[in-house]
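Okay, here's what each chain looks like letter by letter:
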Amino acid sequence: MAAAATSAAVPITCSSSSYEDDDNSATSSWSLSSPRHRPYRRLLHDEAQRLCRARRSQGPGADTPRWVRRTADQMDRYVDDDRAGHVYGRHVVAAVRAVRATASRPAAADDVRRVMASFVTKLTFREMCVVLREQRGWRQARDFFAWMKLQMCYEPSVVAYTILLRLYGRVGKIKLAEETFLEMLEAGCEPDAVACGTLLCAYARWGRHKDMMLFYSAVRRRGILPPLSVFNYMISSLQKQKLHAKVIHVWKQMREASVAPNQFTYTVVISSYAKEGLLEEAMDVFAEMRKKKKFVPEEATYSLLISLSSKRGKGEQALRLFEEMKGQGILPSNYTCASLLALYYKNEDYSKALSLFCEMERSKIVPDEVIYGILVRIYGKLGLYEDAQHTFEEIEKAGLLSDEQTYVAMAQVHMNVGNYDRALKVLESMKIRNVKPSHFSYGALLRCYVAKEDVASAEHTFKALSTYGLPDAFCCNDLLRLYTRLGHLEKARLLILNMREKDFQFDEDLCMTVMEFYCKSSMIEDAEKLFKEIQRNGKPMKVTTMISLIEMCARNRIGMIQKEESPKALDATDSSAASMVLKSLLDMPGGLSSACQLISKLARQGEQLTRNKDQAKFLYEQLTALGAKLDDDSALATLIVQYGQHQQLEQVQELFESASSSSSVGGHVYNAMVDALCKCGKIDKAYDLFMEMVDQGKNRDAVTISILVTHLTKHGKFQEAENIVHGCFRDEVQLDTVVYNTFIKLMLESGRHQEASLLFNRMKENGINPGKISYNSMINAYATSGLHSEARIVFQEMQDSDLAPDSLSYLALIRAYAEGKCYKEAEDAIQMMLGSNITPSCPHFNHLILPF
């Protein structure tokens with residue numbers, strides 16, 4: 001009995017499975033006013049007697065019988081067979097009327113006894129159940145049931161108790177329903193699925209979900225399985241209260257009990273899975289509903305799954321569902337179209353978005369403000385700003401302009417093209433129309449003022465944002481960048497201090513802005529503290545963010561050096577900060593490679609910016625101190641070249657030896673080392689290293705060859721230079737114009753004009769177009785050799801190659817003519833210069849005057 005008492009504390013309402021439907025479905029809405037049109041209910045006599053005997057003979061453990069429902073033909077026969085319009089006889093109708101009449105009198109415990117005195121011994125148990133069921137008021141039903149139990153023909157029955165439970169559940173008398181259920185147990189009536197289902201539905205109907213679940217557990221422990229209609233009522237009630245987890249729990253129990261769901265069940269369960277964000281589970285149930293049960297889902301079900309799939313980044317699945325829905329002939333709702341348009345906008349598939357919008361017009365689906373807002377954003381992304389403005393005006397004319405997000409969408413379109421004044425005008429119009437602004441619109445206002453560098457208005461907007469709590473990281477970042485950009489460092493410091501005091505959660509962008517401020521203000525200790533805090537909280541940082549932070553530390557370090565800060569102060573600040581960040585970077589996948597790329601970038605920029613070159617050296621030293629070796633030939637080569645330009649031979653050699661010991665050195669490093677040795681004046685070592693490089697089969701860089709040959713020539717080492725030239729020709733090394741010019745110049749300086757001419761021809765044969773320097777060199781060479789005809793031919797080639805001869809070209813040609821005593825041709829060359837708007841200088845005329 002304790003278990004029974006526990007099981008009674010649960011909620012429910014009666015559904016189609018109640019005894020009203022089972023026993024007397026034809027009289028469930030019995031009207032006493034029209035005899036001919038009253039609902040009639042009379043079971044076939046033999047079937048009714050058989051079911052009654054079967055139930056009574058089985059005792060309290062009897063299964064619930066399935067009550068017979070008449071067909072239309074049977075109903076006609078019962079009407080024809082009716083006894084004066086009363087299926088149960090006049091005395092039953094009179095009893096129903098007598099009990100109902102007590103509702104108009106003052107409440108009295110003996111009212112029913114008095115009015116039913118004449119009916120004693122005249123009603124059978126079944127007829128008393130009919131009278132009980134036909135009562136409209138719970139008090140009359142309660143009092144009649146009390147009278148009913150005093151009659152000789154009464155036997156405790158789950159049917160009578162279930163009728164009373166249904167009536168109590170209908171009017172919300174849960175406590176009376178629970179007491180009635182307990183009484184039924186105490187009377188020895190074993191509750192069946194209909195009785196339990198009736199109480200379960202009563203609990204569900206009146207929001208007593210905790211009691212409902214407790215009672216359901218008790219019912220299942222008794223081995224009673226409620227019918228599907230009760231399960232549907234339960235999950236529907238739970239879903240209305242947004243108790244989706246409990247819906248899923250009941251669904252799983254239905255599956256365990258092998259209760260076959262219907263379309264309504266699937267619809268509710270899929271919705272709850274979707275509302276809980278369980279997309280995969282929702283899709284599994286959806287697939288079962290479609291493929292196994294062959295049910296056609298409703299538009300709302302498709303809409304939920306499309307929206308959730310879109311939010312989870314499963315655009316293809318969302319589109320597949322949409323196509324399937326259209327294949328079923330289901331017209332999409334505004335909500336579905338809005339979800340798809342948002343997906344197209346996110347994927348930048350604007351053509352499909354516009355196509356869907358046109359399809360909505362053809363299907364006469366009226367767009368709402370959300371859809372128009374998405375359309376405005378799409379036009380903005382496509383650069384169709386006039387169309388976006390026109391659509392915004394259409395929304396206003398249609399009277400749909402009421403959501404601040406639509407205003408902000410139009411303002412963002414203006415902001416994207418830098419028209420912040422028009423954006424501000426749109427946002428101000430929102431205030432005029434009494435659309436209450438939120439942090440969303442204030443954030444857009446702040447971005448406008450930050451872009452216009454209007455500090456006062458930005459601060460005022462930020463203050464308004466603060467009424468909703470501390471603004472988000474994006475807004476804080478905007479204002480902080482404005483302060484930093486305009487040099488309001490004290491305001492920036494106070495803003496950061498305010499965020500720190502309120503335990504504000506920094507995102508990655510805000511962290512970088514704060515770090516930049518710390519470095520700009522030489523607050524490296526604070527930068528270290530923030531970085532340690534990020535690491536301690538386990539927040540992930542992108543490699544690019546860490547690289548930027550390292551670069552800032554290096555930049556600040558070099559700035560302090562240039563300001564002649566004390567070495568002690570330097571060691572205590574950003575050296576440790578850079579080392580700490582570098583160490584964390586090296587622990588990340590690809591960290592060392594990223595550090596090498598940064599060093600290479602800074603070193604290359606160092607050719608124009610000395611500070612960047614110094615930063616590259618600083619970072620290399622920090623990596624070396626951490627025991628890391630550069631694994632990027634490009635970074636190593638760039639560093640070696642930079643050290644060489646400053647003739648820091650010791651650092652060059654140290655870096656090259658370190659690279660050689662750690663791994664095989666690539667051709668880039670060898671070429672850089674040759675270049676550095678040349679710049680440090682170690683020509684012999686550069687030549688030896690180059691030849692070693694040739695022996696090892698390393699790729700020879702054309703620039704390095706040119707630099708080495710130039711330095712060898714300057715130091716009179718013509719044989720070595722010639723060896724390099726012939727070695728390149730022998731090994732068919734690809735050379736550029738600069739290298740050939742260097743070789744030609746080498747031949748000319750050594751007086752070997754013929755070989756210079758051969759080199760010039762070879763360069764052209766190899767498809768390398770000579771430049772002005774090459775042509776001028778060859779004209780000078782032929783002039784020195786007295787070969788004015790050859791000089792004239794080269795000059796003509798130069799003109800034919802679309803290279804306009806300059807003053808030096810004409811000077812070389814005039815010199816060649818003068819050496820060959822072709823003065824008339826020399827004078828013609830002077831006239832050609834004048835025709836080309838090139839003014840002859842003294843050297844040009846000297847070649848004509850000196851012979852005379």
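Parameters and conventions
- Residues numbered from 1 in each chain as written.
- Predicted model: local features only at pLDDT ≥ 70, side-chain atom pairs only at ≥ 80, totals over all residues.
- Heavy atoms only, no water.
- Helix = DSSP H or I, 4+ residues; strand = E, 2+ residues; numbered from the N terminus.
- Buried < 20%, exposed > 50% of the residue type's maximum accessible area, 1.4 Å probe, protein only.
- Contact = heavy atoms within 4.5 Å.
- Areas by Shrake-Rupley, 256 points an atom, 1.4 Å probe, with all protein chains shown as cover.
- Salt bridge = Lys/Arg side-chain N within 4 Å of Asp/Glu carboxyl O.
- Patch = residues over 30% accessible without salt bridge, like charges linked within 9 Å, V, L, I, M, F, W, Y side chains within 5 Å.
- Lys, Arg positive; Asp, Glu negative; His and termini not counted.
- Charge placed at Lys NZ, Arg CZ, Asp CG, Glu CD.
- Phe/Tyr/Trp six-rings, centres within 6.5 Å; stacked < 30°, edge-to-face > 60°.
- Expected span 1.5 Å × (residues − 1).
- Axes fitted to C-alpha atoms, helices over the stretch in contact; angles between N-to-C directions.
- Parallel < 35°, antiparallel > 145°, perpendicular 65-115°, else oblique.
- Left-handed = near helix turned anticlockwise from the far one by under 90°.
- Nonpolar A, V, L, I, M, F, W, Y, C, P; charged D, E, K, R; others polar.
- Core = buried A, V, L, I, M, F, W, Y, C linked by side-chain atoms within 4.5 Å.
- Polar contact = N/O pair within 3.5 Å; in protein donor to acceptor, adjacent residues only side chain to side chain.
- pLDDT = per-residue confidence, 0-100.

### Looking at the overall build of the chain
At step 1: Helices and strands together make up the secondary structure of the chain, namely 48 helices and zero strands.
At step 2: Buried positions account for 50% of the 852 residues belonging to the chain.
At step 3: Sequence-distant contacts, at least 24 apart, represent 65% of the contacts inside the chain between residues at least 6 apart.
At step 4: When the accessible surface of the chain is totalled, it reaches about 41,400 Å², and 50% of it is carbon and sulfur.

### Considering the pattern of salt bridges
Pairs can form between side chains of opposite charge once their charged atoms are near each other.
At step 1: Enumeration over the complete set of coordinates arrives at 20 salt bridges.
At step 2: Two residues, D684 and K717, come together in a salt bridge whose shortest N-O distance is 3.3 Å. Linking D684 in helix α39 (residues 683-695) with K717 in the loop between α40 (702-714) and α41 (718-730), this pair joins segments that are 33 residues apart in sequence.
At step 3: Residue classification places D684 among the partly exposed positions, given a relative accessible area of 46%.
At step 4: Here the salt bridges share partners, and the residues they tie into one network are R100, R133 and E134.

### Some remarks on the environment of L384
At step 1: The topology assignment puts L384 in the loop between α21 (369-381) and α22 (385-397).
At step 2: For L384 and V413, which are 29 residues apart along the polypeptide, the C-alpha to C-alpha distance reads 9.5 Å.

### Some thoughts on a negative patch on the surface
At step 1: There is a patch of like negative charges on the surface, built from E361, E386, D387, E393 and E394.
At step 2: When residues of the negative patch are assigned to their parent elements, the largest contribution, four residues, is made by α22.
At step 3: One can find D387 in helix α22.
At step 4: Given a relative accessible area of 35%, D387 falls into the partly exposed group.

### A word on the packing of aromatic side chains
Within a pair of aromatic rings, the relevant descriptors are the distance that separates the centres and the angle that separates the planes.
At step 1: For the structure on display, the rule yields 15 aromatic pairs.
At step 2: Ring geometry for F125 against Y154: centres 6.0 Å apart, planes inclined by 55 degrees, an arrangement best described as tilted. Taken together, the positions of F125 in helix α7 (residues 125-133) and Y154 in the loop between α8 (138-148) and α9 (158-171) put the pair 29 residues apart, joining distant regions of the chain. In this pair, the class of F125 matches that of Y154, namely buried.
At step 3: On the numbers, 6.2 Å between centres and 85 degrees between planes, the contact of F145 with Y154 is edge-to-face.

### What about the side chain of S271?
At step 1: Here S271 shows up in helix α15 (residues 263-275).
At step 2: Residue S271 is classed as buried on the basis of its relative accessible area, which comes to 10%.
At step 3: Those residues in contact with S271 that lie beyond four places of it in its chain are Q239 and L304.

### A word on helix α19 (residues 334-346)
Given 3.6 residues to a turn, an α-helix orients residues that are three or four positions apart in the same direction.
At step 1: Compared with the 18 Å implied by 1.5 Å per residue over 13 residues, the 18 Å span of α19 between its first and last C-alpha is a close match.
At step 2: Taken together, the buried positions of α19 are T336, C337, A338, S339, L340, L341, L343 and Y344.
At step 3: At its buried positions, α19 is contacted by α17 (299-311), α18 (315-327), α20 (350-362) and α21.
At step 4: One or two positions beyond α19, positive phi appears at E348, with a value near 60 degrees.

### Considering the packing of α8 against α9
At step 1: At a minimum axis distance of 10 Å, the contact between α8 and α9 shows a crossing angle of 160 degrees. By the angle between their axes, α8 is roughly antiparallel relative to α9. Every pair of crossing elements has a handedness; the one defined by α8 and α9 is left-handed. Contacts between α8 and α9 involve W138, A141, R142, F145 and M148 from the former and A160, Y161, L164, L167, Y168 and V171 from the latter.
At step 2: Residue composition of the contact of α8 with α9, grouped by class: ten nonpolar, no polar and one charged.

### As for the nonpolar core
At step 1: In terms of nonpolar packing, the biggest core is built from 136 residues, with L510, L619, I640, I705, I724, L735 and F743 touching the most fellow members.
At step 2: Ignoring anything within four residues of it in the chain, the contact list for I724 reads Y687, F690, I705, L708, V709 and L712.
At step 3: By size, the runner-up hydrophobic cluster in this structure holds 115 residues, among which are A98, V269, Y302 and A338.

### Details of α21
At step 1: For α21, spanning 13 residues, the distance from its first C-alpha to its last is 19 Å, which sits close to the expected 18 Å at 1.5 Å a residue.
At step 2: Taken across its 13 residues, α21 has eleven buried, putting it largely inside the fold.
At step 3: Two residues or fewer after α21 comes G383, characterised by a positive phi angle close to 80 degrees.

### Structural notes on unusual backbone geometry
Among all residues save glycine, negative phi is the norm, and among peptide bonds the norm is trans.
At step 1: Its identity as a non-glycine residue notwithstanding, T121 has a phi of 70 degrees, on the positive side.
At step 2: Relative to the helices and strands, T121 is located in the loop between α6 (111-115) and α7.
At step 3: With relative accessibility at 72%, the residue T121 sits in the exposed group.
At step 4: In this structure, N434 takes a positive phi of about 60 degrees despite not being glycine.
At step 5: Within the fold, N434 resides in the loop between α24 (420-432) and α25 (439-451).

### With respect to the packing of helix α44 (residues 772-784) against helix α46 (residues 807-819)
At step 1: Viewed as axis vectors pointing N to C, α44 and α46 meet at an angle of 15 degrees, and their least axial separation amounts to 8 Å. Relative to α46, the element α44 is oriented roughly parallel. As α44 packs across α46, the resulting crossing turns out to be left-handed. Touching N776, I779, N780, A783 and T784 of α44 are L808, S809, A812, L813, R815, A816 and E819, all from α46.

### Digging into the side chain of T391
At step 1: Residue position: T391 is located in helix α22.
At step 2: Polar contacts involving the side chain of T391 include one to the main-chain carbonyl oxygen of D387, which spans 2.8 Å.
At step 3: When near neighbours in sequence (up to four residues on either side) are disregarded, T391 contacts Y372, L375, V376 and Y379.

### With respect to the environment of L649
At step 1: Mapped onto the fold, L649 is located in helix α37 (residues 649-662).
At step 2: Each C-alpha atom, one on L649 and one on K679, is 9.2 Å from the other, the two residues being 30 residues apart in sequence.

### Re the environment of F656
At step 1: Tracing the backbone through its elements, the reader meets F656 in helix α37.
At step 2: On the basis of relative accessibility, which here comes to 13%, the residue F656 falls in the buried class.
At step 3: As for F656 and Y670, which are separated by 14 residues in sequence, their C-alpha atoms are 8.6 Å apart.

### Describing the confidence of the model for the chain
At step 1: Within the chain, residue pLDDT values average 77, and 81% of them lie at 70 or more.
At step 2: When the criterion is pLDDT under 50, residues 1-44 qualifies, and its contacts beyond four places in sequence or with other chains add up to 173 contacts.

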